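The primary structure of each chain is shown beneath.
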Amino acid sequence: MIVGRSESDLLERTMMTTPTTAEIGHGSKQPTVVEVDGFLMPGIADRHVHVGLADPGAILAGGVTAVRDLAWPAADIFPLAEASEVPTFTGPLIRAAGP
């Protein structure tokens, strides 16, 4: 907490500066409008993960929009990385290291 400011002061200021909608492009000409309840931040890329240890949807929900998986078994990670290229995938974009 910042000295001299109450939690409600900080919350009120945050609410005044937080956008309520945003346009997000997915490589198409038509942007997607997203309702935001809280902060809108740029995506975070985590370049050292083992995707098989977590649910991809949980990774995305945590704000991580792209990952580089290091050394998960090729038979498991490469199909998942390919699936992450599809817009309906419910997880981050996955790049995989391997042979």
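Residues numbered from 1 in each chain as written. Predicted model: local features only at pLDDT ≥ 70, side-chain atom pairs only at ≥ 80, totals over all residues. Heavy atoms only, no water.

Trainee: Give me the lowdown on the sheet that holds strand S3 (residues 44–49), citing residues and values where you can.
Mentor: Strands belonging to one sheet form pairs held by backbone hydrogen bonds; the direction of such a pair is parallel or antiparallel. What the three strands build is an open sheet, ordered S3-S4-S5; its pairing is parallel. Each edge of the open sheet is held by one strand with a lone partner, namely S3 and strand S5 (93–96). Neighbour-to-neighbour, the strand axes of the sheet open up by a mean angle of 20°, direction not taken into account. Bridge count for S3 against strand S4 (residues 64–69) is four bridges, and the pairing is parallel. Across the sheet, the residue bridging to Ala-45 is Ala-66, located in S4. Strands in contact with helix H3 (residues 74–83) are S4 and S5; relative to S5, the strand with the most contacts, it is inclined by about 140°. (Pairing = 2+ DSSP bridges. Helix = DSSP H or I, 4+ residues; strand = E, 2+ residues; numbered from the N terminus. Axes fitted to C-alpha atoms, helices over the stretch in contact; angles between N-to-C directions. Contact = heavy atoms within 4.5 Å.)

Trainee: Summarise the environment of Ala-74; cite the residues concerned and give the values.
Mentor: With respect to the secondary-structure elements, Ala-74 resides in helix H3. On the basis of relative accessible area, Ala-74 is assigned to the partly exposed category, the value being 34%. (Buried < 20%, exposed > 50% of the residue type's maximum accessible area, 1.4 Å probe, protein only.)

Trainee: Any details on the pattern of salt bridges? Residues and values, ideally.
Mentor: Overall, the coordinates contain one salt bridge when judged by the stated rule. Between Glu-85 and Arg-95 there is a salt bridge whose closest N-O contact spans 2.3 Å. Of the two residues, Glu-85 sits in the loop between H3 and S5 while Arg-95 sits in strand S5, which places them 10 residues apart along the sequence. Among the residues examined, Arg-95 registers a relative accessible area of 40% and is labelled partly exposed. (Salt bridge = Lys/Arg side-chain N within 4 Å of Asp/Glu carboxyl O.)

Trainee: Any chance you could break down the environment of Ala-96 for me, citing the residues and the numbers?
Mentor: Positionally, Ala-96 belongs in strand S5. Taking the C-alpha atoms as reference points, Ala-96 and Ile-77, separated by 19 residues in sequence, lie 6.7 Å from one another. Among all residues touching Ala-96, those that are not within four sequence positions of it are Asp-69, Ile-77, Phe-78 and Ala-81.

Trainee: Any chance you could break down the nonpolar core for me, citing the residues and the numbers?
Mentor: By size, the foremost hydrophobic cluster in this structure holds nine residues: Val-49, Val-51, Ile-59, Val-64, Val-67, Ile-77, Ala-81, Phe-89 and Ile-94. Elements supplying a minimum of two residues to this core: S4 and H3. Ile-94 has contacts with Val-51, Val-67, Ile-77, Leu-80, Ala-81, Ser-84 and Phe-89, leaving out every residue within four places of it along the chain. (Core = buried A, V, L, I, M, F, W, Y, C linked by side-chain atoms within 4.5 Å.)

Any functional reading would require information that these geometric values do not contain.
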